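# Remarks on the overall topology
Chain by chain, the residues:
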Amino acid sequence: MNNSEENKKSSEEDLRLLKRKIRVVDEGLSSEAKAELWTKIESAIRRPKRMSVSFSMFLRYVAVVAILCIATYYIYTGLSPREEIDYNSILSNTQLPDDASNNVMVILGDKDKIEFEENRLAESIMSIGNGYMGMRGNYEEYYSKDSHRGSYIGGVWYPDKTRVGWWKNGYPNYFGKVPNSVNFIGIDVYINGKILDLGKAEVKDFYRELDMKNGTLTRKFIANIDGYEIEAKVTRFLSIVAKELGVIKYEIKALNFDGEVMFCPYLDSNVKNEDSNYDEAFWVNVSTDSKENYGSVVARTKDNPFNTEVFTIASVMNIKSNKDAKKNTYSNKEYYSDNTLVFDIKESETISIEKYVAITTTRDYKENELVEKAECILSKEANKGYEIVLQEQSKAWNKRWETADIKIDGDDLAQQGIRYNLFQLLSTYYGDDSRLNIGPKGFTGEKYGGATYWDTEAYCIPVYLGVASKEVSRNLLLYRYNQLDKAKENAKKLGLDGALYPMVTFNGEECHNEWEITFEEIHRNGSMVYAIYNYTNYTGDYEYIKEYGIDVIVEVARFWASRVHLNKRKDLYMIHGVTGPNEYDNNVNNNWYTNYLAKWCLEYAAENISKLEKECIESVNRNNVTEEEVKTWLNISAKMYLPYDEELDIIVQHDDFLDKEFIKVKDLPKCNLPLNQNWSWDKILRSCFIKQADVLQGIYYFSDKFTFDEKKRNFDFYETYTVHESSLSPS
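These lines cover the structure that appears in this document, whether it is placed above or below.

Criteria and cut-off values
- Residues numbered from 1 in each chain as written.
- Predicted model: local features only at pLDDT ≥ 70, side-chain atom pairs only at ≥ 80, totals over all residues.
- Heavy atoms only, no water.
- Helix = DSSP H or I, 4+ residues; strand = E, 2+ residues; numbered from the N terminus.
- Core = buried A, V, L, I, M, F, W, Y, C linked by side-chain atoms within 4.5 Å.
- Buried < 20%, exposed > 50% of the residue type's maximum accessible area, 1.4 Å probe, protein only.
- Contact = heavy atoms within 4.5 Å.
- Axes fitted to C-alpha atoms, helices over the stretch in contact; angles between N-to-C directions.
- Parallel < 35°, antiparallel > 145°, perpendicular 65-115°, else oblique.
- Left-handed = near helix turned anticlockwise from the far one by under 90°.
- Nonpolar A, V, L, I, M, F, W, Y, C, P; charged D, E, K, R; others polar.
- Pairing = 2+ DSSP bridges.
- Salt bridge = Lys/Arg side-chain N within 4 Å of Asp/Glu carboxyl O.

When you line up the elements, Lys 570 lands in the loop between β20 (565–567) and β21 (572–574). C-alpha of Lys 570 to C-alpha of Lys 639: the two residues are 69 residues apart in sequence and 9.7 Å apart in space.

This is how it looks when you write it as structure tokens:
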């Protein structure tokens, strides 16, 4: 069989599989629209495979993946696809995705133009990181259109004063957030004195590529600046070999002229957060310096009244070029340092510069050592040359993929999607520093403050256990162990025993500024223990419990024992005044998930104390656990109240949940959604609608404790009223 015949057979199989997957999508379309849709899909499938996908097309692919992921949602709610999304417009002009063997995610601008409206989304999607630091996919050069410049350093944060109209005992004084850090990728470009601005220039063949296999971000385009046409290629990466290192190579080729090209690489620490509560800057200048092919900027987070750590960051750059500049000048001012390199360029000639940047912080060095340490890193790495440093980056990323890659046959979209999610997770954290954790948005922006949530224990550790060495997950557990004393302080502030881990934190202290979360969403405590259980169960590393884990397990058990109360009339222990994972129901009594998790934590603590009494009595003694205390835990566990409805034969989310007025999501006029943008908070709290899995979260955690029929009954009931208004919820 020749290649043409093989490709035809492959295309026919692709079409057959795709029709099976999308059959739920075309319900509700007219016969004419349906015929046109399939004609376009068949045409796309049968055209030759391409190694790229446009940005708008990529968004369509994401939509298709979402369709496949939430097909069950439509089936169980009865909401037709046409009512939710205009699939005809989404799928029109869609091409096939890349071959599943391709590790590259590619985003191309539409032909002869560059994306403007979706640029911020593109910047988020094209973010890169190395665990130590990360950045959004911004352009290096000046850009006059809408953009959100963002570079972030892991573990560097600022306590932004809490902005509320009232105060309560135990309320956090500040909301911690990651400050937008020094802009170290900046390289302005001038062609014959005219600035290159993709917001105004005539741009074609725009191409942007995130190479997940090798950890690089590349951009190519042709731009016409007042008649001078250039071809540009820009590649950058954050090294996972030398964590403080970032590298950019910027190439300009003259297509229709002889003239002059000028590069202005710079460092700028005069940056702000878009989400600062009072619109203030978080950085103060310490020093700047510049020399030929060199620049440095040192900035410090401003003093704060909360006695939290102040961080100093040094950024140092070295510049190399493929030919000598005819003119090289430099300057510096407060917060800023630059170089200006001017080159003569002939038609068809390519001029390139390489910008090597090292970022050092007082998390690792003394302030007066920062510049010197950065210079040492640059001296070592820049002297290797760009190709060697790039090869080392590629080799290191390929090594990660040897254990991390998950292969999916027959679904290119799912293959690309799982690799992208793994790439972002591995770019955000890879266990190199137990002082760090995982912000919900990684290094893609400022949302959620870049802080640590219980999502790490619930959703991230299980992934790391499967795709990385056990040390990665172990360090995430040590992060919580090292903050145990702060968790004890948090519990004490609420008048409770043991330890209460924070909802949001950088240093172990609670810094979330919504009362229904800070005080009431205490189920998070159980996830700290569940992560230890998950880790030791998967790896067999019981030494962790002996050395560290039992301390956390015991203190969390003590918290639950002090947080419950005995209902003497029913002789059952209850937990009142909580918020479960469903944050659209606050201050409820006996949230099933919270009660079940507390019950399990108490049993798990008793089980481990019994085992350690035989294997490592020192672990028991250092925690001062008595036989009477263990009996109390077991008594509470045995008498824990777990709401259940016999008539419906389902778990009840909380005491009053079934007293609500019930309206299925499918029967709710679409103009009401999303609820959090259209309804008052009062109306949301009184409604039956569920933001994200609550009862189902518990069944997910303890899947082995429930039969298939129990899972199905509860899923069928609760999914009917779930609006999925958390970004995690549909998954």
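Below, the discussion takes up the nonpolar core. Within the largest apolar cluster, 165 residues are counted, with the highest numbers of intra-cluster contacts made by Phe 184, Leu 198, Tyr 250, Ile 252, Phe 263 and Tyr 464. Here this core takes 13 residues from helix α17 (residues 592–615), the largest share from any one element. With near-sequence residues (within four places) excluded, Ile 252 lies in contact with Val 189, Ile 191, Ile 230, Glu 231, Ala 232, Val 261, Phe 263, Ile 345, Glu 349, Thr 350 and Ile 351. Counting 14 residues, the second largest nonpolar core, distinct from the first, contains Leu 245, Ile 377, Leu 378 and Ala 382.

The N-to-C vectors of helix α16 (residues 543–563) and α17 enclose an angle of 135°; their axes lie 9 Å apart at closest approach. When the axis of α16 is compared with that of α17, the two are oblique. Crossing of α16 against α17: the hand is left-handed. Packed against α16, whose contacting residues are Ile 545, Lys 546, Ile 550, Ile 553, Val 554, Val 556, Ala 557, Trp 560 and Ala 561, the element α17 presents Thr 594, Ala 598, Cys 601, Leu 602, Tyr 604, Ala 605, Asn 608, Ile 609, Leu 612 and Glu 615 at the interface. Across the contact of α16 with α17, the residue classes tally to 15 nonpolar, 2 polar and 2 charged.

Quick look at the packing of helix α15 (residues 524–539) against α16 now. Where α15 contacts α16, the axes come no closer than 9 Å and their chain directions differ by 150°. By the criterion of interaxial angle, the relationship of α15 to α16 is roughly antiparallel. Considering only the axes of α15 and α16, their crossing is left-handed. In contact with Asn 525, Gly 526, Met 528, Val 529, Ile 532, Tyr 535 and Thr 536 of α15, α16 contributes Tyr 544, Ile 545, Gly 549, Val 552, Ile 553, Val 556, Phe 559 and Trp 560. Within the contact of α15 with α16, the residues separate by chemical class into 11 nonpolar, 4 polar and no charged.

Take the sheet that holds strand β13 (residues 259–268) next. Across the sheet, 5 strands lie side by side as β8-β7-β13-β18-β17; this open sheet has antiparallel pairing. The sheet is open, and its two borders are formed by β8 (194–195) and β17 (327–333), each paired with just one other strand.

Within strand β19 (residues 350–361), 11 of the 12 residues are buried, which leaves it mostly tucked inside the rest of the structure. Note: strand β12 (residues 245–254) against β19, 9 bridges, orientation antiparallel. Within β19, the residue paired with Ile 252 across the bridge is Ile 351. Pairing of strand β16 (residues 312–321) with β19, which is carried by 9 bridges, proceeds in the antiparallel orientation. By the bridge assignment for β19, Met 317 is matched with Val 357.

A complete count under the given rule lists 43 salt bridges for this structure. Salt-bridge contacts for Asp 682 lead to Arg 686; the nearest nitrogen and oxygen are separated by 2.9 Å. Taken together, the positions of Asp 682 and Arg 686, both in helix α21 (residues 681–686) and 4 residues apart, correspond to about one turn of that helix. A relative accessible area of 45% places Asp 682 in the partly exposed class. The structure contains a network of salt bridges with shared partners spanning Lys 243, Arg 363, Asp 364, Asp 433 and Arg 435.

Here we have 3 strands laid out as an open sheet, ordered β2-β3-β4, and antiparallel in their pairing. The outermost strands of the open sheet, each flanked by one partner alone, are β2 (128–129) and β4 (151–153).

Secondary-structure assignment places Asn 475 in helix α12 (residues 470–481). By relative accessible area, which is 17% here, Asn 475 ends up buried. Aside from chain neighbours lying at most four places away, what touches Asn 475 is Tyr 429, Gly 431 and Ser 434.

What follows is about the pairing of β17. Pairing of β17 with strand β18 (residues 336–345), which is carried by 7 bridges, proceeds in the antiparallel orientation. Across the sheet, the residue bridging to Thr 329 is Thr 340, located in β18. Where β17 folds back on β18, the antiparallel hairpin that results is connected by 2 residues, among which Tyr 335 adopts a positive phi of roughly 75°.

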